[in-house]
Amino acid sequence: MLGPAENRPVIVLDRVGKTFSPRDKGEGVIAVDDVSVSLSAGEIVGIIGRSGAGKSTLVRLINGLETPTSGTVTVDGVAISSLDERGARQARRAIGMVFQHFNLLSSRTAADNIALPLEIAGRPKDEIKKRVDELLGLVGLTAERDRYPSELSGGQKQRVGIARALAANPKVLLCDEATSALDPDTTHQILELLARIRRELKLTIILITHEMAVVKAIADRVVVLERGRVIEQGTTFEIFSAPKHPTTRSFLSTLGGAQLPETIAARLTQERPPNGQAVVRVIFTGPQANQPVLSRITRVLNVDITIVSGQVETIGGKGFGTLIVTVPGDEVTLNGVTAAIQRLDLNAEVLGYVA
Ligand SMILES: Nc1ncnc2c1ncn2[C@@H]1O[C@H](COP(=O)(O)OP(=O)(O)OP(=O)(O)O)[C@@H](O)[C@H]1O
C-alpha cells in the first residue's frame, strides 16, 4: 500500500517536452525533449548540462512559469502543468528558488529580503519576525541581519537568497546555478549549507548546474541533459565511476581526479604514432581502489605500465580512484590491457597517444 504523502515522489516529470514556437515561419526550438525524472523527499538531484541544453527551460517548467508542449509536471501531488496561472502561483509556494545572481532587493536589509515572501503572503508581523530570526540563525547570518546587500559578500548574499527561498517552508529547493558566481571556497560553504538544510529539513533539492564539481560534492543522483534530452542518469557514484555517454565523460574530464600533466597534454594526439605510447585513464571504485590491479596486469600480460598520475578520493561515501597510465600503444598490447582492466570491472578510457 502506498504510504503517507512523504513516500510518494515530490516531483515527477513524465515525458515532458517544450517546443518554443517560431517568431516567423521557421521551425520551432525544441528546448526540452521527452524528459522523465522523478525526485523523492529528501533527495538531492543534480541536473547538469552545457549552455543551451535546456536547464533554464526545465526550471521554468518545474515551477510552472512555462507550460509543457507535451507530458506532465507534478509537484507534491499537484499536476502543475495543467493549472491556470492562479493555481500555478499557489503550487509554486511548495518550491523555493535560489538564483545565480541572488536577486536581492538592494533597498532592503538581509532580514527584510528574507521577510519579503512572507509579507507578500500577508503573514502577521510578529510571525514574520520570528520566522526571519529563525532563518537568519539557520544560514548563519544573525549578526548581518541589518546589513544591505551591498554590504554583504557573495556567499553571504547567497545565504540570504537561501533563507528567503526557505521562508514559506517549501518542500523543494530549486537551485539554478546557485554557486556559479562564487569562488571555490565560498561554493564549498554554500554546498555544505545546502547539505545541512537537506538533513535538517528533509527538503528535496534540485541543483541545476554546468559544474560537475557541484554535483559531485552533494548530489545523490545526477541527470545529464544534452539538447533537451536526458542522455544519462544514475547515482552520483555510478555516473562518476562508469560514465556511459561521451558528453558525461567530457564533463568528468574537467574535474579533479588524476590530471594529465601539461607536458603530456601538450604532446597528446589522437593518431597512433609508430612505437608510441597510449595514455589511458583507469577508474577504480569500491574495494578495488585499494588493490594492486595494475601490477597484476603487468605480470599477467608482461607489459610495462607507467603511472603518470593518480588520485584516490571519496564520492558518495565510496572509494573512488583515478589513475593515468601509459602503455605500449600498439593495437594488440593496448587491446589486451584495456580488456584486462575491463575484466576487473574497472573503467578504462584511452585519452590519446604520445610519441
Ligand atoms: N523563450 C524562448 N523562445 C525561443 N527559444 C528559447 C526560449 N527559451 C529558450 N529557448 C531555446 O531553448 C534552448 C534551451 O535553452 P535554455 O535556456 O533552457 O538552456 P540552458 O541549458 O539553461 O542554457 P544556459 O546555461 O545558457 O542558460 C536554447 O536553444 C534556447 O535558445
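Residues numbered from 1 in each chain as written. Predicted model: local features only at pLDDT ≥ 70, side-chain atom pairs only at ≥ 80, totals over all residues.

A.B. asks: Give a description of the overall build of the chain that names residues and reports values.
C.D. replies: Looking only at helices and strands, the chain features 12 helices and 14 strands. Projected onto its principal axes, the C-alpha positions of the chain cover 75 × 55 × 50 Å. Looking at the chain as a whole, 37% of its 355 residues are labelled buried. In the chain, of all internal contacts separated by at least 6 residues, the share reaching a separation of at least 24 is 69%. (Helix = DSSP H or I, 4+ residues; strand = E, 2+ residues; numbered from the N terminus. Buried ≥ 20, exposed ≤ 12 C-beta atoms within 10 Å, placed from the backbone. Contact = placed C-beta atoms within 7 Å.)

A.B. asks: How would you summarise the sheet that holds strand β9 (residues 221–226) if you had to cite specific residues and measurements?
C.D. replies: What the six strands build is an open sheet, ordered β6-β7-β8-β3-β9-β10; its pairing is mixed. The open sheet has two free edges, formed respectively by β6 (95–99) and β10 (229–235), since each of these has just one partner strand. Within the sheet, the average angular offset between the axes of one strand and its neighbour, ignoring direction, is 15 degrees. Two elements, β9 and β10, share six bridges in a ladder whose sense is antiparallel. (Pairing = 2+ DSSP bridges. Axes fitted to C-alpha atoms, helices over the stretch in contact; angles between N-to-C directions.)

A.B. asks: Describe in detail the nonpolar core, supporting the description with residues and values.
C.D. replies: One finds I114, V172, I206 and L207 to be the most contacted residues of the largest nonpolar core, which totals 74 residues. Residues within four places of V172 in sequence aside, it is in contact with V10, I11, V75, A94, I95, L203, T204 and I206. Membership of the second largest hydrophobic core comes to 16 residues, among which are V279, V282, V325 and I341. (Core = buried A, V, L, I, M, F, W, Y, C linked by C-beta atoms within 7 Å.)

A.B. asks: I'd like to hear about the domain arrangement of the chain, residue by residue, with values.
C.D. replies: Domains assigned within the chain are domain 1 (5–251) and domain 2 (256–354). Taken over C-alpha atoms, the centre of domain 1 sits 37 Å from the centre of domain 2. Each side of the interface is counted separately: domain 1 has eight residues, and domain 2 has eight residues. If you tally residues by element for the side of domain 1 that touches domain 2, the top one is helix α8 (residues 236–241), at four residues. Its residues placed into classes, the side of domain 1 that touches domain 2 shows three nonpolar, three polar and two charged. (Domains from an automatic or database assignment. Nonpolar A, V, L, I, M, F, W, Y, C, P; charged D, E, K, R; others polar.)

A.B. asks: Lay out the packing of helix α3 (residues 110–120) against helix α4 (residues 125–138) with the relevant residues and their values.
C.D. replies: As a packed pair, α3 and α4 sit with axes 9 Å apart at the nearest point and diverge in direction by 130 degrees. Classed by the angle they form, the pair α3 and α4 counts as oblique. By crossing handedness, the relation of α3 to α4 is classed as right-handed. Judged by residue contacts, A111, I114, A115, L118 and E119 of α3 engage I128, R131, V132, L135 and L136 from α4. (Parallel < 35°, antiparallel > 145°, perpendicular 65-115°, else oblique. Left-handed = near helix turned anticlockwise from the far one by under 90°.)

A.B. asks: Any details on unusual backbone geometry? Residues and values, ideally.
C.D. replies: For residues other than glycine, phi is negative in most cases, and the peptide bonds are mostly trans. The residue D76 is not glycine, and still its phi comes out positive at about 50 degrees. Checked against the element boundaries, D76 lands in the loop between β4 (70–75) and β5 (78–79). When the 19 C-beta atoms within 10 Å are taken as the criterion, D76 is described as partly exposed. Phi at N275 takes a positive value of approximately 60 degrees, unusual for a residue other than glycine.

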